[in-house]
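# Topology and contacts: notes
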Amino acid sequence: MKPPALSRYVVQPSRHIHGVASVPGDKSISHRALMLGSLAEGDTQIHDFLESEDCLATLIALRQLGVSIEGPNGGHVIVHGPQAGRLHAAPEALDMGNAGTAMRLFMGLLAGQPFDSKLIGDASLMRRPMERVAVPLRLMGAEISTADGRPPVEIRGHTTLAAIDYEMPVPSAQVKSAILLAALRADGRTRVVEPAPSRDHTERMLAAFGAEVLHSDGTIALQGGQQLHGTRVQVPGDFSSAAFFIVAGCLAARQGLVLRGVGLNPTRTGLLDLLREMGADIRVRPWDQDSLGAHSPIEPVADIEVRASPLYGIKVAPAAVPLAIDELPVFFIAAACAQGETLVRGALELRVKESDRLSAMASGLAQLGVEVELLADGLWIRGASDGFGGGAIDSHGDHRIAMAFATAAVRARGPIEIRDVASVATSFPNFVASAREVGLQIELCPAPAS
Ligand code: S3P
């Protein structure tokens, strides 16, 4: 159920985390399954699709572009590849809501279509940078305009795209994916060079839909004009949603906490390495891939078991940042509970996510009484291994900030109130129920009368 706008969490100190946590389907993979299914010939069956606001924004936009989609029905979606592979002009602007991934990938998907499109979003998305995607797409011949680098994004149709060789200035899976989606409709072979690995869900899924994607030494190459074929996509549990429980378990699961069926794509799981370096007790049991159905699996999946152990502060190498980019807010909570200092640099990207996550985490931690310093591209934190006080936190309308501070209740001595939590529905609609199941004493409360 969607919480009322401007609702808040009140989380009482929750010292014992235990049991088995359920984790919803992966957001990145759910977006991509819908999009590739909409470009493919034949039907695509998606299982355990994430029915969150972000992914539903993608689904609705594709319907507006003329794609016939059944569901979601208990996590099952069927995408009927459009007749003759054609999408149609949407009758109005496509509203991506809060979903940066949707907007950036749609830019690539729509760049080579023979009709005009306009992309808009909510207040947070309308502030986010889009030129990083528009620049390479223009080099391919696309006609794209932004408003001073931000949405609305207008894409002119009737363009023929040409392949490019592009070195990405920042490692970004969204930029890479937008280029690859445009490259499908471009003449020639497109090459994208990544400065550091970023999540590779698009490459894996393109291959599962029958495209040939070459990957060597940080260069991804895709020949234009390849036809995609509908397939079956089993969406694994979202590692980024699991991250809140992984950290809660590392801090407070004395008898252990198990997370089942979590996607363990190595381009996403940097958090596990960082926590282990801090002293965390984490065990991973990979699933037997044959049990995942008749088709070959697209993504690795595992059960994760964590157990409370003392954590120690670390210095995070900037190269580790892209592999844990969405998990850094909750990693900062782990750092705040560790013994000693933790330093993260090279995380400038966090300033242009759904909120300025460096600033939101620094002010929230300070509010709880944690010693923290906001740096231009990171945070310095002195851990309070004996815990910290409660307090009122502003989530800045950012789902990951809201859930990260809910996790902090495992070490808080007083209640933590987190304001403006409606955005949690963009990625983890059942967060409150799942968190309560494992012992977090969290309530969703109406916003106080102002
Ligand atoms: C995503 C890529 C990441 C991540 C975002 C989802 C994706 O962004 O932060 O939440 O699905 O491709 P960047 O690629 O911009 O780093």
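Residue indices begin from 1 for each chain and proceed along its sequence in written order. The predicted origin of the model limits local features to residues at a pLDDT of at least 70 and limits the giving and counting of side-chain atom pairs to 80 or more, whereas totals for whole chains, interfaces and linings rest on all residues. Computation of side-chain values covers all heavy atoms of the structure but excludes hydrogens and water.

### As for the overall build of the protein chain
The helix and strand tally for the protein chain stands at 12 helices and 26 strands. In this setup the radius of gyration rests on C-alpha atoms only. A globule is expected at 2.2 Å times the number of residues raised to 0.38. Against the globule reference of 22 Å for 450 residues, the protein chain gives a C-alpha radius of gyration of 21 Å, in line with a compact fold. Referenced to the eigenvectors of the C-alpha coordinate spread, the extents of the protein chain come out at roughly 60 × 50 × 45 Å. Sorting the 450 residues of the protein chain into buried and exposed places 59% on the buried side. Each helix is a run of H or I in the DSSP string that is no shorter than four residues. Each strand is a run of E no shorter than two, and both are numbered from the N terminus. Only protein chains enter the calculation, and the probe is 1.4 Å; a residue is then buried if its accessible area is under 20% of its type maximum, exposed if over 50%, and partly exposed in between.

### Re the sheet that holds strand β1 (residues 8-12)
Through backbone hydrogen bonds, the strands of a sheet pair up, either in parallel or in antiparallel fashion. Strand pairing is defined by DSSP finding a minimum of two bridges between the two strands. The strand order across the open sheet built from four strands is β24-β25-β1-β26, with neighbouring strands paired in mixed fashion. Two strands in the sheet have a free side with no partner beyond their single neighbour: β24 (391-394) and β26 (441-445). Averaged over all pairs of adjacent strands, the angle between strand axes in this sheet comes to 20 degrees, irrespective of strand direction. As defined by bridge partners, β24 adjoins strand β25 (residues 416-419) across four bridges and the pair is classed as parallel. In the strand pairing of β25, Ala-392 is matched with Glu-417. Two residues qualify as a contact provided that any one of their heavy atoms is within 4.5 Å of a heavy atom in the partner residue. Fitted lines through C-alpha atoms serve as axes, helices being fitted only where they are in contact, and the angles separating the N-to-C directions of these axes extend from 0 to 180 degrees. Packed on one face of the sheet, helix α11 (residues 399-407) meets β1, β24, β25 and β26 and runs near 175 degrees to β25.

### Overview of the sheet that holds strand β6 (residues 94-95)
Sheet architecture is open: four strands sit in the order β6-β7-β9-β8, paired in mixed fashion. This sheet does not close on itself; its edge strands, each paired only once, are β6 and β8 (143-147). Two strands pair when backbone bridges link them, and β8 and strand β9 (residues 150-156) are joined in this way by four bridges, in the antiparallel orientation. By the bridge assignment for β9, Ala-147 is matched with Arg-150. Against the sheet, helix α3 (residues 100-111) makes contact with β6, β7 (117-120), β8 and β9, and its axis sits at roughly 10 degrees relative to β9, the strand it touches most.

### Topic: the domain arrangement of the protein chain
Note: domain ranges come from an automatic or database domain assignment. One can read the domain layout of the protein chain as domain 1 (7-25 + 237-446) and domain 2 (27-234). Each partner contributes to the interface: domain 1 provides 27 residues, whereas domain 2 provides 28 residues. Accessible area, probed at 1.4 Å, shrinks when two parts are joined; the buried area is that loss added up over both. Summing the contributions of domain 1 and of domain 2, the shared interface buries around 2300 Å²; its carbon and sulfur component is 51%. The largest per-residue losses of area from domain 1 upon contact with domain 2 belong to Ile-298, Glu-354 and Thr-426, which jointly make up 26% of the total buried on that side. Any carboxyl oxygen of Asp or Glu that lies within 4 Å of a side-chain nitrogen of Lys or Arg is treated as forming a salt bridge with it. Scanning the region where domain 1 abuts domain 2 turns up three salt bridges.

### Details of the site of the ligand
All residues adjacent to the ligand are Ser-28, Arg-32, Thr-101, Ser-172, Ala-173, Gln-174, Arg-199, Ile-325, Asp-326 and Lys-353. Any N or O atom pair separated by 3.5 Å or less is treated as a polar contact, with the protein-specific requirement of one donor-capable and one acceptor-capable atom, and with residues adjacent in sequence counted only for side-chain atom pairs. Within the contact set of the ligand, an oxygen atom lies 2.6 Å away from a side-chain nitrogen or oxygen of Arg-32. Take Ala-173: an N or O atom from its main chain is 2.7 Å from an oxygen atom of the ligand. For the ligand, whose unbound accessible area comes to 390 Å², protein coverage reaches 94%. Here the ligand is seated within the largest pocket. For the shell around the ligand, the secondary-structure elements that each account for two or more residues are α1 (27-39) and α5 (173-183). We call a residue near a given molecule or strand whenever any one of its heavy atoms falls within 4 Å of it. Each accessible area is a Shrake-Rupley estimate made with a 1.4 Å probe; only the visible protein chains count as cover when residues are assessed. Cavities and pockets are found on a 1 Å grid laid over the protein atoms alone: a cavity is a set of points where a 1.4 Å probe fits but cannot escape, a pocket is an open set with protein on both sides within 12 Å along at least five of seven lines, and a lining residue has an atom within 4 Å of such a point. Each molecule is assigned to a cavity or pocket provided more than half of its atoms lie within 2 Å of the corresponding grid points.

### Overview of the nonpolar core
Throughout this description, the term nonpolar core refers to a set of buried Ala, Val, Leu, Ile, Met, Phe, Trp, Tyr and Cys residues connected via side-chain atoms within 4.5 Å. Of all hydrophobic cores here, the largest spans 83 residues; its most connected members are Ile-246, Leu-275, Phe-331, Phe-332, Ile-418 and Phe-431. Considering every element that reaches this core, the biggest residue donor is helix α7 (residues 239-252), with 11 residues. The residues contacting Ile-418, other than those within four sequence positions of it, are Ser-7, Arg-8, Tyr-9, Val-11, Ile-393, Ser-395, Ala-402, Phe-405 and Ala-406. If you look at the next biggest cluster of nonpolar residues, it comprises 69 residues, including Leu-137, Leu-180, Phe-209 and Val-235.

### Looking at α3
An α-helix turns once per 3.6 residues; consequently, residues spaced three or four apart project the same way. In this model, α3 (12 residues) spans 17 Å end to end at C-alpha, consistent with the 16 Å of a helix rising 1.5 Å per residue. Along α3, 12 of the 12 residues are buried, which leaves the element largely enclosed by surrounding structure. For a helix, the expected span equals 1.5 Å multiplied by the number of residues minus one.

### Here we look at the pairing of strand β13 (residues 189-193)
Of the two faces of β13, only the one carrying Thr-190 and Val-192 is buried; Arg-189, Arg-191 and Val-193 on the other face are not. Bridge count between strand β11 (residues 165-167) and β13: three bridges; the pairing is parallel. The residue of β13 that forms the bridge with Tyr-166 is Val-192. In terms of strand pairing, β13 meets strand β15 (residues 219-223) through five bridges, oriented antiparallel. The residue bridging Val-192 from the neighbouring strand is Ile-220, located in β15.

### Re the environment of Glu-167
Checked against the element boundaries, Glu-167 lands in strand β11. With a relative accessible area of 63%, Glu-167 lands in the exposed category. Between the C-alpha atom of Glu-167 and that of Asp-420, which follows or precedes it by 253 residues, the distance is 38 Å.

### Some words on the environment of Glu-437
Within the secondary structure, Glu-437 sits in helix α12 (residues 431-437). A relative accessible area of 47% means that Glu-437 is categorised as partly exposed. Spatially, the C-alpha atoms of Glu-437 and Ile-17 are 9.1 Å apart, while their sequence positions differ by 420 residues. In this structure the side chain of Glu-437 is engaged in a polar contact, spanning 3.3 Å, whose partner is the side chain of Ser-22.

### Some thoughts on helix α8 (residues 270-278)
If you check which residues of α8 are buried, you get Gly-270, Leu-271, Leu-272, Leu-274, Leu-275 and Met-278. As for α8, its buried residues are in contact with α7, β18 (281-286), β20 (315-316), α9 (328-337) and β21 (341-344). Phi turns positive one or two residues past the end of α8, at Gly-279, with a value near 110 degrees.

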